[in-house]
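Topology and contacts: notes
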Amino acid sequence: MRLLHTSDWHLGRAFHRVNMLGAQAGFVGHLVETVRERAVDAVVVSGDVYDRAVPPLAAVELFDDALHRLADLGVPTVMISGNHDSARRLGVGAGLIDRAGIHLRTDPAGCDTPVVLTDTHGDVAFYGLPYLEPALVRDEFGVEKAGHEAVLAAAMDRVRADLATRARGTRSVVLAHAFVTGGEQSDSERDITVGGVAAVPSGVFDGVDYVALGHLHGCQTLTERVRYSGSPLPYSFSEHRHRKSMWLVDLDAAGAVTAERVDCPVPRALARLRGRLEDLLADPELAPHEDAWVEATLTDPVRPDEPMARLAERFPHTLSLVFDPERGPDEPGVSYARRLADRSDQQIAEDFVTHVRGAGPDDRERSVLRDAFDAVRADETVREVAR
């Protein structure tokens with residue numbers, strides 16, 4: 001059986017000030033053509049279909065168009081909700097849509113009820129694990145500690161239990177939306193850290209033939225059977241080295257996996273440039289980036305006049321301007337904002353405690369801080385879905 005694995009469409013999202021809806025429509029067309037031309041048997045979409053819980057109307061219309069075009073091909077599609085989606089909204093009408101071969105899996109309670117497709121070698125069971133917000137699903141899965149590893153492990157126990165009841169030789173595919181150990185992050189993914197722990201081990205998914213992951217925006221192979229497709233389009237300059245693609249996966253009769261990357265069309269290359277303004281404007285080696293979307297970091301000791309306008313004369317698609325002035329050995333260190341970069345809310349809070357009283361928090365206090373941050377994030381998730 002041949003699968004096309006994709007995820008993280010983020011319909012409705014902009015890239016800085018650039019409306020990406022046209023590029024997203026171009027991706028949908030490319031997806032449909034790939035399904036047709038490469039004889040795909042099933043499409044799997046591993047979450048974050050939309051960029052937010054209440055997407056703009058134009059994004060909903062594009063999603064509707066995608067569903068109709070996939071249904072017209074007669075190729076089954078399995079989708080799960082991600083942490084950016086409203087699971088309840090995305091799942092509206094799932095029972096009716098199911099009849100058209102579009103299978104929306106947004107309810108955690110149904111994670112062990114697979115979509116079963118058949119080829120000449122027998123059945124393939126597709127299990128959809130929508131994004132599992134630990135604080136909201138801990139009761140459903142009966143876990144004592146609300147963490148990503150605990151709820152995913154409980155969900156996978158249900159999957160393996162169901163798979164054990166099926167005919168010998170049944171192959172299996174799991175769709176999941178999570179941060180799995182070994183994956184490389186970018187700046188455009190929303191933090192899903194719980195209790196100070198961001199990642200779950202890939203061993204959680206042992207026992208199935210293929211795991212189609214979503215959440216991280218770079219296409220990655222964690223093991224031969226566990227892969228991220230990544231987002232089909234760039235959504236931050238941290239993705240400037242990404243090759244945007246989908247996985248074309250073949251499952252043979254025994255469940256062995258072979259995979260091929262299928263490139264996605266991107267509207268424009270990304271470039272991260274760094275240096276003094278005059279150097280960036282004069283350097284002939286930067287000519288290949290003149291048509292790219294540009295993030296420029298200026299290192300001039302004194303901020304130049306009208307830097308954005310001057311950059312735009314050579315790089316008309318400059319979207320982001322950062323100042324990081326060169327400093328002499330006796331000058332103050334990096335800015336407060338730079339010191340906070342790449343630090344979690346938990347780490348920043350612990351640093352504040354240390355600064356105020358001269359000693360860091362003890363284990364009990366760290367636990368209180370973790371619980372507070374987890375509670376706030378869970379409350380924000382509930383509020384966003386309820387809007």
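Residues numbered from 1 in each chain as written. Predicted model: local features only at pLDDT ≥ 70, side-chain atom pairs only at ≥ 80, totals over all residues. Heavy atoms only, no water.

**With respect to the pattern of salt bridges**
Summed over the entire model, instances satisfying the criterion amount to 21 salt bridges. With a shortest N-O distance of 3.1 Å, R160 and D157 are connected by a salt bridge. Taken together, the residues span about one helical turn, with R160 and D157 both in helix α6 (residues 148-164) at a distance of three residues. Between R314 and E290 there is a salt bridge, with the nearest N and O atoms lying 2.9 Å from each other. Of this pair, R314 sits in helix α8 (residues 307-314) while E290 sits in the loop between α7 (277-282) and β16 (293-298), and the two are 24 residues apart along the sequence. Of the residues examined, R314 reaches a relative accessible area of 15% and is grouped as buried. (Salt bridge = Lys/Arg side-chain N within 4 Å of Asp/Glu carboxyl O. Helix = DSSP H or I, 4+ residues; strand = E, 2+ residues; numbered from the N terminus. Buried < 20%, exposed > 50% of the residue type's maximum accessible area, 1.4 Å probe, protein only.)

**Quick look at the side chain of T318**
Looking at where T318 falls in the secondary structure, it is placed in strand β17 (residues 318-323). A polar contact of 2.7 Å, which involves the side chain of T318, links it to the backbone oxygen of F315. Other than its neighbours up to four places away in sequence, T318 contacts R17, V294, M308 and L311. (Polar contact = N/O pair within 3.5 Å; in protein donor to acceptor, adjacent residues only side chain to side chain. Contact = heavy atoms within 4.5 Å.)

**Observations regarding the environment of E149**
As for its placement among the helices and strands, E149 is situated in helix α6. In this structure, the C-alpha to C-alpha distance between E149 and P134, residues 15 residues apart in sequence, is 9.0 Å. With residues near it in sequence (within four places) discarded, E149 still touches V200, P201 and V204.

**A look at the packing of helix α1 (residues 21-37) against helix α2 (residues 57-73)**
Viewed as axis vectors pointing N to C, α1 and α2 meet at an angle of 10 degrees, and their least axial separation amounts to 10 Å. As far as their axial angle goes, α2 and α1 are roughly parallel. Each of L21, Q24, A25, V28, G29, L31, V32, V35 and R36 in α1 lies in contact with α2, whose residues at this interface are A58, A59, L62, A66, R69, L70 and L73. (Axes fitted to C-alpha atoms, helices over the stretch in contact; angles between N-to-C directions. Parallel < 35°, antiparallel > 145°, perpendicular 65-115°, else oblique.)

**Looking at the sheet that holds strand β15 (residues 270-275)**
Each strand in a sheet pairs with its neighbour through backbone hydrogen bonds, running either in the same direction (parallel) or in the opposite one (antiparallel). If you trace the three strands from one edge of the open sheet to the other, you get β15-β16-β17, paired in parallel fashion. Each edge of the open sheet carries a strand with a single partner, namely β15 and β17. Averaged over all pairs of adjacent strands, the angle between strand axes in this sheet comes to 15 degrees, irrespective of strand direction. Relative to β16, β15 runs parallel, the two being bridged by six bridges. The residue of β16 that forms the bridge with G275 is L298. Contacts from α8 reach β16 and β17, with the element oriented near 135 degrees to β17. (Pairing = 2+ DSSP bridges.)

**Some remarks on the sheet that holds strand β1 (residues 2-6)**
Across the sheet, six strands lie side by side as β6-β5-β4-β1-β13-β14; this open sheet has mixed pairing. Looking at which strands have only one partner, the edges of the open sheet turn out to be β6 (102-105) and β14 (257-263). Pairwise comparison of adjacent strand axes, ignoring direction, gives a mean angle of 20 degrees for this sheet. Judged from the four bridges that link them, β1 and strand β4 (residues 42-46) form a sheet pairing that is parallel. Within β4, the residue paired with H5 across the bridge is V44.

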